[in-house]
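Structural features, examined
Listed below, chain by chain, are the residues.
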Amino acid sequence: MLLPNILLTGTPGVGKTTLGKELASRSGLKYINVGDLAQEGQLYDGYDEEYDCPILDEDRVVDELENQMSEGGVIVDYHGCDFFPERWFHIVFVLQADNSVLYKRLETRGYNEKKLKDNIQCEIFQVLYEEALASYKEEIVHQLPSNKPEDLEDNINQILKWIEQWVKDHSS
Ligand code: DAT
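Residues numbered from 1 in each chain as written. Predicted model: local features only at pLDDT ≥ 70, side-chain atom pairs only at ≥ 80, totals over all residues. Heavy atoms only, no water.

**Concerning the overall build of the protein**
Selection criterion: Secondary structure elements follow DSSP: runs of H or I no shorter than four residues count as helices, runs of E no shorter than two count as strands, and numbering proceeds from the N terminus. Here the globule rule reads 2.2 Å times residues to the power 0.38, and the radius of gyration is calculated from C-alpha atoms.
Along the backbone of the protein there are 7 helices and 7 strands. When the elements of the protein are put in sequence order from the N terminus, they spell out β-α-β-α-β-β-α-β-β-α-α-α-β-α. Taken over C-alpha atoms, the radius of gyration comes to 16 Å for the protein, in line with the 16 Å a tight globule of 172 residues would show. Referenced to the eigenvectors of the C-alpha coordinate spread, the extents of the protein come out at roughly 55 × 35 × 30 Å.

**Description of the packing of helix H1 (residues 16–27) against helix H7 (residues 149–169)**
For any two helices packed against each other, the geometry is given by the interaxial angle and the distance between the axes. Cut-off, in case you're wondering: Helix axes are fitted to C-alpha atoms over the stretch in contact, other axes to C-alpha atoms as well, and angles between N-to-C directions run from 0 to 180 degrees. Oblique is the label for every angle not falling under 35 degrees (roughly parallel), over 145 degrees (roughly antiparallel), or within 65 to 115 degrees (roughly perpendicular). Put simply, a crossing is left-handed when the front helix is turned counterclockwise from the back one by less than a right angle, and right-handed when it is turned clockwise. Residue contacts are defined here by distance: any two heavy atoms, one from each residue, within 4.5 Å place the two residues in contact. In the scheme used here, Gly and all other residues not listed as nonpolar or charged are polar, with Ala, Val, Leu, Ile, Met, Phe, Trp, Tyr, Cys and Pro taken as nonpolar and Asp, Glu, Lys and Arg as charged.
With their axes 10 Å apart at the nearest point, H1 and H7 run at an angle of 45 degrees to one another. Regarding the angle of H1 to H7, the classification is oblique. Crossing hand, H1 versus H7: right-handed. Taking contact as the criterion, the partners of Thr18, Leu19, Glu22, Leu23, Arg26 and Ser27 in H1 are, on H7, Leu152, Glu153, Asn155, Ile156, Asn157, Ile159, Leu160 and Ile163. Its residues assigned to classes, the contact of H1 with H7 shows 7 nonpolar, 4 polar and 3 charged.

**Considering the UniProt feature "binding site: ATP" (unreviewed entry) in the protein**
Formally: UniProt positions are given in the numbering used here, feature names are shortened, and annotations may be inferred rather than shown by experiment. The distinction between a cavity and a pocket rests on a 1 Å grid over the protein atoms alone: a 1.4 Å probe fits inside a cavity but cannot get out, while a pocket stays open yet meets protein on both sides within 12 Å along at least five of seven lines, and a residue with an atom within 4 Å of a point counts as lining.
Under the feature "binding site: ATP" (unreviewed entry), the UniProt entry names Gly13, Gly15, Lys16, Thr17, Thr18, Arg109 and Lys148. Restricting the annotated residues to those that line the largest pocket leaves Gly13, Gly15, Lys16, Thr17, Thr18 and Arg109. By the element assignment, Gly15 lies in the loop between strand S1 (6–9) and H1. Those residues in contact with Gly15 that sit more than four places away from it in its chain are Leu95, Arg105 and Ser146. With respect to the helices and strands, the residue Lys16 is situated in helix H1.

**Looking at the layout of surface pockets**
Note the threshold: Grid points are joined across faces, edges and corners, and a volume is the space filled by probe spheres set on the points.
Considered as a void within the structure, the largest pocket measures approximately 1,300 Å³ in volume. Pro12, Cys53, Tyr78, His79 and Tyr111 are the residues nearest the centre of the largest pocket, which is lined by 35 residues in total. Listed by contribution, the elements that provide at least two residues to the lining of the largest pocket are H1, helix H2 (34–41), strand S3 (44–48), strand S4 (53–56), helix H5 (113–124) and helix H6 (127–135). Residue composition of the lining of the largest pocket, grouped by class: 14 nonpolar, 11 polar and 10 charged.

**Considering the nonpolar core**
Our working definition: Throughout this description, the term nonpolar core refers to a set of buried Ala, Val, Leu, Ile, Met, Phe, Trp, Tyr and Cys residues connected via side-chain atoms within 4.5 Å. Only protein chains enter the accessibility calculation, which uses a 1.4 Å probe; a residue is then buried when its area is under 20% of its type maximum, exposed when over 50%, and partly exposed in between.
Ranked by internal contacts, the top residues of the largest apolar core, which has 28 residues, are Phe84, Phe89 and Tyr136. Where this core is concerned, the elements lending two or more residues are H2, helix H3 (58–71), strand S5 (74–77), strand S6 (91–96) and H6. When residues in this core are grouped by element, the largest group, 4 residues, is from H3. Not counting residues within four places of it along the chain, the set of residues in contact with Phe89 comprises Asn5, Ile6, Leu7, Met69, Val76, Phe84, Tyr136 and Ile140. With 24 residues, the next largest nonpolar core counts Ile6, Ile91, Leu116 and Trp166 among its residues.

**Focus on the sheet that holds S1**
The following threshold applies: Only strands that DSSP links by at least two bridges are regarded as paired with each other.
On the basis of which strands lie adjacent, the open sheet formed by 5 strands has the order S2-S5-S1-S6-S7 and parallel pairing. Each edge of the sheet is formed by a strand with only one pairing partner; in this case those strands are strand S2 (30–33) and strand S7 (141–145). In this sheet, neighbouring strand axes are inclined to one another by 20 degrees on average, regardless of whether the strands run parallel or antiparallel. The pairing of S2 with S5 spans 4 bridges and is classified as parallel. Note on S5: the bridge partner recorded for Lys30 is Val74.

**Considerations on the site of the ligand**
Selection rule: A single heavy atom is enough: if one lies within 4 Å of a molecule or strand, its residue is considered near that molecule or strand. Two N or O atoms form a polar contact when they lie within 3.5 Å of each other; inside protein one atom must be a possible hydrogen donor and the other a possible acceptor, and for residues adjacent in sequence the pair counts only when both atoms belong to side chains. A 1.4 Å probe and the Shrake-Rupley method give the accessible areas. Residues count as covered only by the protein chains that appear here.
For the ligand, the set of nearby residues contains 14 residues, the closest of which are Gly13, Lys16, Thr17, Thr18 and Arg109. Val14 has a polar backbone atom sitting 3.3 Å from an oxygen atom of the ligand. A distance of 2.9 Å separates an oxygen atom of the ligand from a polar atom in the backbone of Gly15. When isolated, the ligand has an accessible area of 550 Å², and the protein chains bury 73% of it.

Right, dumping it as structure tokens:
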């Protein structure tokens, strides 16, 4: 059976992991967190002193994922999306949270002032939405609110329906 690949993107803290894991368990699709994948395989290319974090080796991440992506049925979670091949994804969701909600979530994570400010700005200026629109066909890019538990439930149900329809359209 053919299954679609789904990209979940958005500013850190918007709820990609929460949605991705729940969606995977309810759809049977496979969930891949690119941050975790990079850490496990040490897919890094240097260190960013300003942001105090390793720099992702995007080419190695793409090589690592290529086989699974061509098989289909993968949910990818990452706070960036311009380096994935466009052909990988059948639909792209950009999760979004209100400033005050996001601020609290990132504060709870213990982000420092600079990281907090940068991420809130990233959300205000819809950086990931713009990046998704620049990287994928506009008609497959969708914004999803991700502030409260009801949003999570609505998003899951909506995406499950979309998967079901996609599978129907691609069987025969
Ligand atoms: P991300 O993977 O985008 O960094 P996350 O899934 O780790 O985000 O979520 C960050 C925090 O927000 C985490 O404590 C769970 C919470 N959260 C996520 N989605 C939510 C929602 N729809 N309603 C309430 N809390 C949510």
